[in-house]
Structure formats: structure tokens, C-alpha cells
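Now for the letters of each chain:
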Amino acid sequence: MTAVESLARVDLAIEGMTCASCVARVEKRLGRVEGVTATVNLATERASALVPADLDVAALVAEVEKAGYGARLLHDERDASAGSGPDDAGEARDGRRLVPRMLVSAALSVPIVLIAMIEPLHFPGWEWVSLLLAAPVVLWGGWPFHRSAAVNLRHGATTMDTLVSLGTLAAYAWSLVVLLLGAGGHVYFEVAAVVTTFLLVGRYAEARSRRRAGEALRGLAQASAREVSLLDESGNERRIPVALLSAGDRFVVRPGERIAADGEVLEGEAAVDASAMTGESVPVEVSAGDDVTAGTVAAGGMLVVRAVRVGADTRVSRLAALVEQAQLGKTRAQRSADRVSSVFVPIVIGLAVLTFAVWWLVTGDAAAAVSPAVAVLIVACPCALGLATPTALLVGTGRAAQRGILISGPEALERAGRIDTVVFDKTGTLTTGRMSVARTVVAPDASLDEVLRLASAAERGSEHPLGRAIAEAAPSDAVVAGFRAVAGFGVTAVVDGREVVVARAADGLPPLLEGAVSEIRAAGATAVAVSIDGAPMAVLAVSDPLRADAADAVERVRALGAEPVVLSGDHEATVRATVAGLGTVRAVGGVAPEGKAAEIARLQAGGRAVAMVGDGVNDAAALATADLGIALGTGSDIAIEAADLTLLRPEPSLVADALRLSRRMLAVIRGNLFWAFAYNVAALPIAALGLLDPMIAGAAMVFSSVFVVLHSLRLRRF
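All values derive from a computational prediction rather than experimental measurement. (Residues numbered from 1 in each chain as written. Predicted model: local features only at pLDDT ≥ 70, side-chain atom pairs only at ≥ 80, totals over all residues. Heavy atoms only, no water.)

Caption draft 1: Focus on the overall build of the chain. Counting its regular elements, the chain contains 26 helices and 26 strands. A separation of at least 24 residues holds for 69% of the contacts in the chain among residues at least 6 apart in sequence. Here the chain has roughly 29600 Å² of accessible surface; of this, 59% comes from carbon and sulfur atoms. (Helix = DSSP H or I, 4+ residues; strand = E, 2+ residues; numbered from the N terminus. Contact = heavy atoms within 4.5 Å. Areas by Shrake-Rupley, 256 points an atom, 1.4 Å probe, with all protein chains shown as cover.)

Caption draft 2: Quick look at the sheet that holds strand 21 (residues 535-543). With antiparallel pairing, 6 strands are arranged side by side in an open sheet as 16-21-20-19-18-17. Every other strand in the sheet has two partners, leaving strand 16 (436-442) and strand 17 (480-486) as the edge strands with one partner each. If you compare each strand with its neighbour and ignore which way they point, the axes differ by 20° on average. Pairing analysis gives 5 bridges linking strand 17 to strand 18 (residues 490-495), with the strands arranged antiparallel. What sits directly across from V480, in strand 18, is V495. Contacts between helix 19 (residues 511-522) and the sheet are confined to strand 16, strand 20 (526-532) and strand 21, with strand 21 contributing the most and set at about 10° to the helix. (Pairing = 2+ DSSP bridges. Axes fitted to C-alpha atoms, helices over the stretch in contact; angles between N-to-C directions.)

Caption draft 3: Helix 25 (residues 654-688), seen in detail. Taking 1.5 Å of rise per residue, 35 residues should cover 51 Å, and helix 25 covers 51 Å from first to last C-alpha, within 8% of that figure. Among the residues trailing helix 25, G690 stands out with phi positive, at a value near 80°. (Expected span 1.5 Å × (residues − 1).)

Caption draft 4: Expanded view of the packing of helix 13 (residues 366-379) against helix 25. Relative orientation of the contacting elements helix 13 and helix 25 amounts to 170°, with a least axis distance of 8 Å. Between helix 13 and helix 25, the angle is such that the two are roughly antiparallel. Between helix 13, through P372, A375, V376 and V379, and helix 25, the contact on the second element is made entirely by Y679, N680, A683, L684, A687 and A688. Residues of the contact of helix 13 with helix 25, tallied by class, amount to 9 nonpolar, 1 polar and no charged. (Parallel < 35°, antiparallel > 145°, perpendicular 65-115°, else oblique. Nonpolar A, V, L, I, M, F, W, Y, C, P; charged D, E, K, R; others polar.)

Caption draft 5: Examining the pattern of salt bridges more closely. Scanning all chains against the criterion turns up 23 salt bridges. The residue E227 makes a salt bridge to R239 at a minimum N-O spacing of 3.8 Å. Of the two residues, E227 is situated in strand 5 (residues 227-231) and R239 in strand 6 (residues 237-241); the sequence distance between them amounts to 12 residues. Among the residues examined, E227 registers a relative accessible area of 44% and is labelled partly exposed. We note a salt bridge from D262 to R309, for which the minimum N-O separation is 3.4 Å. Of this pair, D262 sits in strand 8 (residues 262-267) while R309 sits in strand 13 (residues 303-309), placing them 47 residues apart in sequence. Residue classification places D262 among the buried residues on the basis of a relative accessible area of 5%. Here the residues in one salt-bridge network are R403, D552, R556, D657 and R660, joined through shared partners. (Salt bridge = Lys/Arg side-chain N within 4 Å of Asp/Glu carboxyl O. Buried < 20%, exposed > 50% of the residue type's maximum accessible area, 1.4 Å probe, protein only.)

Caption draft 6: A look at unusual backbone geometry. Positioned with a positive phi, D496 is a non-glycine residue whose angle comes to about 50°. Within the secondary structure, D496 is located in the loop between strand 18 and strand 19 (498-504). Of note, the phi angle at D533 is positive, near 55°, even though the residue is not glycine. In this fold, D533 is placed in the loop between strand 20 and strand 21. Judged by its relative accessible area of 46%, D533 falls in the partly exposed class.

Caption draft 7: Looking closely at a nonpolar patch on the surface. Together, V110, L114, M117, I118 and L121 give the surface a local cluster of nonpolar side chains, amounting to about 420 Å² of exposed area. With respect to the helices and strands, L114 occurs in helix 4 (residues 88-117). (Patch = residues over 30% accessible without salt bridge, like charges linked within 9 Å, V, L, I, M, F, W, Y side chains within 5 Å.)

Caption draft 8: Up close: the packing of helix 5 (residues 126-141) against helix 6 (residues 143-154). Close contact between helix 5 and helix 6 brings their axes to 5 Å; oriented N to C, the two are set at 45°. In terms of axis orientation, helix 5 runs oblique to helix 6. Contacts from V138, L139, W140 and G141 in helix 5 reach W143, P144 and H146 in helix 6. Taken together, the residues of the contact of helix 5 with helix 6 sort by class into 5 nonpolar, 2 polar and no charged.

Caption draft 9: Region of the structure containing the packing of aromatic side chains. Applying the stated criterion across every chain, the model contains 3 aromatic pairs. An angle of 65° between the planes, with centres 5.5 Å apart, marks the rings of Y172 and F189 as edge-to-face. Remark: F189 occurs in helix 8 (residues 189-213) and Y172 occurs in helix 7 (residues 160-181); sequence separation between them is 17 residues. For Y172, a relative accessible area of 10% puts it in the buried group. Taken together, a centroid distance of 4.9 Å and an interplanar angle of 45° make the contact between W675 and F707 tilted. Highlighted residues: W675 in helix 25 and F707 in helix 26 (residues 694-713), separated in sequence by 32 residues. Owing to a relative accessible area of 27%, W675 belongs among the partly exposed residues under this scheme. (Phe/Tyr/Trp six-rings, centres within 6.5 Å; stacked < 30°, edge-to-face > 60°.)

Caption draft 10: A look at the sheet that holds strand 10 (residues 284-286). Spatial ordering of the open sheet is given by 10-9-12, a layout of 3 strands whose pairing is antiparallel. Two strands lie at the open edges of the sheet, namely strand 10 and strand 12 (297-299), each paired on one side alone. This sheet shows a mean twist of 40° between the axes of neighbouring strands, independent of strand direction. With 3 bridges connecting them, strand 9 (residues 270-273) and strand 12 associate as antiparallel partners. Counterpart to D273 in the pairing with strand 12 is V297.

Structure (C-alpha cells):
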């Protein structure tokens, strides 16, 4: 067993994280367990870890709890991907707890501020009234911050809540001491109350925004039936929970119902709406023998379906799990931010102490030193750093899934931002992939029917689109032996005792067939030669028209500043004729499958950043070689799991959308990180110099976090 095979993926729901420091701490604790590699996401409140298969996962939960946070094991991929964010029940519970604290704190803070700020309201004993009004705000309203700070401090950690708790308690405690000692100094009850209220409002707004950020993926993950009508052996129906459905079971889908499993239609006809998964708004007609996918909706007819893949193995569950896994990733900039945030809070506390000491020494007034020190503590909270990448990924990957685009992770985004050359495979990518034999030219001494009968029989075992087209041209029941497919060449077989070769037309054919080859290629079709017992007998014209959106796809790629290139195994003349309607585009023909990877490597050697667009199976080597592999429309497991980007609809125009969205997401992530860093860098010295009131500091800190989330939410409009 290899090292990779001995690893298992474990997903945990993490409770109590509030900032990037929390993320870094949880990742560090999980990383202490031998053999464990973990990634933690603040926006989704999830941890995903690769662990040794024989590890007791309770050890992971224990490590997280030792760090001062709660952890819950997510038992399977459906559970892990169901919410793609804080679970609904937990979020609603947290919201219910925040709302009364927020409302009471706001109601009490208003009179505190009015009394403190308006000189005529300074009635005798107003400071004591402010003390009484501020007490429930700071102690009860701010309790979530104080509790979290205490728990983390007990484990030797400092987080955003540490700064909030220290700042508000310091302002309140200083004011209380001034009153009790009768020193007559300035009191900061309004600071302690208003900062607490701002932070409660900010956390509530942040939670609401983060929930909106995950709506798209929640829709994908929840696009599954809850119950299914199972058909038993005698043909009777009974409703059962989907969790009880097994592969091989038959079930009934009525109009308007979601299909409960990936399967094959046994009876009936219906239009299937797959918009929840692929973004395709036009329903697809299905009938007996067609495949259907869980999460799609049947309309206009009743189906009997045999389940093939159920539960977490269905395509919709796998897509949701893959998208959430992508959301757990981090850009290089975010990893740098996490490293900074892990030491940021202790540095800020030290800076606040230094600010207090310097102001006290310079002014000789300890009261005057409190305000800048508290402002430093409050304004520096690093929550925006922790939300910068996760929220953008959460919104962007969810929106991409709605559009039928699957993004593997932040690394793909970073590569997409550098792409300047997009290489399209021709067959099945820019063309429909539905080939047919349009014309047949036979040698004078050959029989058309016999040639087609032998050629179609020879191609019966082929998986290539050309081969399938020839196999369907003249169905044959001939006996085939010794079938062999040669990549980039064709097939050979012994059919009814005769040696048959069906291959791409080459030089050396009789003049009649040679002339037919030139005509076929000039028309943009593929010329295929048929030889029987070593003698050339016919040339077949196999045509594959361009997709309706092929020209638009190439033009949109060009509009992005990238050069479109077409690669094909067809003859150069055929390729040039086929792409003539695409405008000015460089086309390379006669390229074998392994030659496509070599051509991409040649482009890369010339300094190009190359994206390869192919079907995800035949073009596997080229997809792997390219800087960015884009699998188009196959929806196969190989394509989905191997490509950097997978387009769930066979529309090449989605390539430009995928690149544009990737670039937009990367720009939003960079903008978020710039704002978070610039805010802290600019605000800290201003606060330390006493130029920032603590109340304004609290509002600014809240705004920075909410701004990052709202900035990410702009991706929903893509």
C-alpha cells in the first residue's frame, strides 16, 4: 500500500473560531498529530485533514478541544458538504443568542453616548449613571468575547477576542477606578459600551453575509430528494428515505420530482431539468436506456429508473464535496497572511502596552494614555485577514457551480490569472463530437456495401468518435477477431477471415482515392481509408460540424488577451478547413495524443502560460502538461477529479467565462488581502499617535471585516 493509499480524509466542524489567529492555531494543533495534514477554513468553519487510515479520529477532536475550540466529526461527504458553511442550526442558534445582546447593548449605549458627548447633559452623578448603564453592555453584551478570550488564554493563545476583551474591559476598568478614587479624570464608559455594541452588530452582519456567501453551494448540495418511491419485486411502490436506497434498486420518478440517484432509465420518457447542477436552463429529453443524474428534476413524464450510484457516490454529492474541498484551499498570499496573524495579536498587545507607557511618560497623565492604548487594541483585530480568501472562494466557487464550472481550488485561480494561450482540442471540443459518414468513394473493383460492412465491423470495438461514426454507418453482424486500436492511426481487425485496416488516409493511395482525399479535406471533413487484405478499397468522409458557439468561444478567449490555438490529430488541411469559420486562429493538425502534450510543452518553453481545453480522457496527457487543464463537457469522474477546471456543459464558450470568473475571484482575493493589510498598517500608527478615538476604531474594525465579506459577495452577480 502506498503512502497516498494509506491516508483518509476526515472533515470536522469547528466551533468558536473568530479570526485568522484561530485558524492558524487550530491548524497548528491538528498538525501536531503524527501524519496529519490539515487545512482550516474560517468562512465555512470546517477543517479538512488527511490522516493515516488507522488513526483514531477522536484524537483530532481532542486536539482541537485542547486548543480551546469545539469540534464535531462530519461522518460522510454528504454531511461534510451539505452546508458548505456554518451549519444552519448552529448559525440560527448563534443568531438568536446575538440578537438580544445586540439590541440591549444598542439601547443602553445610546444614552451613554448622549450623556458623555453633550455637555448640558452632564448632570451631577452622570458618570455613575454611565457606569450602571455600561455594566450590562460590557459584561453581558460582551460576554461572548470575554468567554472566548478566557478560554484561549487558558490554553496559552491570543486571538481577536483577546484584543476586544482587553480593550473594552480596560476602558471600563480604568473609568471605574477613576470614579472610585475620585481622581476626577476622564472616563471611557461610552467607549467600552459603543465598541462592544459595534462588535456585536458587526459579528451579526458578518454571520448573515457569510450565510449569503454559501447559498449557491448549499443549493447544489441540497439538490437531492429526501424520499423516493421504491419499486419492489412485485411492482408495488412504497415511499422510503433516500438513505435506504441501494444500487440496483428500481424507483419511480413522477413529474416535478427530483431524481434520487444516478441511474439508467428503464421505462418512460421525460424532460429533465439539470440547471441546479450544470446551469443549463433547457431541459434534456430522456427515455429508456439514457442515463440520469441525482438532483435533476423530471418534468412532463414519469420514469422508472434503476439506481447505479446512490448517496455520497452520486455526481451531485461528489461535486458538492469537490467544491467545498476547493474552498478549503488557500492562495499563497493567504498563507502569508495566516503566518502573520499567528504572531500579530501578541505584537499588538505589546504595542498597546508600549503606547500606554509612552503616552504616560510624555504627558505625565495616565488617563490620557488610556484612549490611544485602547484604540490600538481595538483597531488591530485581524478578522478581515482570516476572511479575505475563504469568503471570496465560498462565493466564487458557488457561483461557478451554478454556471456549470467546477474550480479545483485557489492554485487553479492563480494559474488562470497568468494564462495567455488557450489550446483547444478540435474533435468533441470545438466540434459537436457527433460524427457521421457523409460520403464514401470506393475503388472501381470494390463493393460499397461490402466495404461498409467490413469497416463498420472492424470499428465495432473502437471508442474514438471517428470509429463510432463508421461503426454506425452500416451495422454488421460479421465475426471480428484480433481487434487492435493504435492511437493516432486507426484500427486493425480480422473480419470474417479478411484483414481489415481502417486508418487516417495517408499517401500512396490510387489516384481516384487520392483525389477524393483532397476533396474531402478541402471540405473540412476527415478522410479515412479502408484497406482489405492489404489493398486500398475506399475512402470515407467523416464530418463533424463546429459547435454553434465555437466561433464565439474563440473570439471571447481572444478578447481576454489570450491567443487561441487549435490542436487536432486530423490532417492539416482538414483542420484548416474546419476552423476557417473561427476567424484568425493558429491551427496545428496531424498531432498524435502524445504529440499534443509535446506541443504544449513547446509553447511553455517559449514563455507561454498555456490552458488546454479537451475532453478530459483522450487528452489526459495534454491536460496534465498544461499550466491549466480544462475538461469540457464530459462530466466523467476522471475529468472532474483530474482537471483544474471542469465545464459541466459541453459548451466551449464557457472557457472564457471560466477564465474571467477565475481572474475576478483572484482579483477579489487580492483586493480583500490588500484592504486587510493596508487597514492594519495604516490604522495602528494613527491609533498609537492618539489620532483615532476608540469608538471610531471599533467601527472601523467592524467595517473592515464586513467590507471584505460584502466585497466577496459581488461575485454573486457574475
